[in-house]
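# Examination of the molecular architecture
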Amino acid sequence: ASTKITGEEERYSHIDVVDMANNVEGSEQAFADLKPALMKIDATLASTISTEFVALDKVVDAYRTQANASGYVLYTTLTDADRRTLSAAVKAVAEPMSRVAGKVADA
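Here the structure is a predicted model, which means the values were calculated and not measured.

## A few points about the environment of Ala69
Tracing the backbone through its elements, the reader meets Ala69 in the loop between helix H2 (43–61) and helix H3 (80–97). Considered as a pair, Ala69 and Ile15 are 54 residues apart in the sequence and their alpha carbons are 9.5 Å apart.

Structure below.
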């Protein structure tokens, strides 16, 4: 959340939001691969992560646009409130996701 929402990743193109969307998609795929095992180990954690990914997807989808080739608004158009919203949604997934590896490895 603190490194992907700064606007520095795509300094000249300002397509940071598409990068973030792709990072979210990659994280979702990694979770999907571990979810069956996690459901057996800690179904509550798996459900929490799934719910937070749905919420994060909704937040990211709000910044979709046909006006740019990237499919997302330019980072420079985001307000401070937008950045806080994105950051909070990423953190809401990151915290429970940080516990997955330990749960699966201990099983």
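## Things to note about helix H1 (residues 16–41)
In this model H1 runs 35 Å from its N-terminal to its C-terminal C-alpha over 26 residues, within 8% of the 38 Å that 1.5 Å per residue would give. The sharpest bend along H1 measures roughly 50 degrees and falls at Lys35, with the proline Pro36 sitting one to four residues further on. Where H1 is concerned, the buried positions are Asp16, Val17, Val18, Asp19, Met20, Ala21, Val24, Phe31 and Leu38. Where H1 is buried, its residues touch H2, H3 and helix H4 (100–106).

## Comments concerning the environment of Ser70
Tracing the sequence through the fold places Ser70 in the loop between H2 and H3. With a relative accessible area of 23%, Ser70 lands in the partly exposed category. Considering only alpha carbons, one finds Ser70 and Asp19, 51 residues apart in sequence, at a separation of 9.3 Å. Residue contacts for Ser70: discarding those within four places in its chain leaves Ile15 and Val18. Within polar-contact distance, the side chain of Ser70 engages the backbone oxygen of Tyr72 at 3.1 Å.

Conventions adopted
- Residues numbered from 1 in each chain as written.
- Predicted model: local features only at pLDDT ≥ 70, side-chain atom pairs only at ≥ 80, totals over all residues.
- Heavy atoms only, no water.
- Helix = DSSP H or I, 4+ residues; strand = E, 2+ residues; numbered from the N terminus.
- Expected span 1.5 Å × (residues − 1).
- Bend = angle between axes of the 7 residues up to and from the residue.
- Buried < 20%, exposed > 50% of the residue type's maximum accessible area, 1.4 Å probe, protein only.
- Contact = heavy atoms within 4.5 Å.
- Polar contact = N/O pair within 3.5 Å; in protein donor to acceptor, adjacent residues only side chain to side chain.

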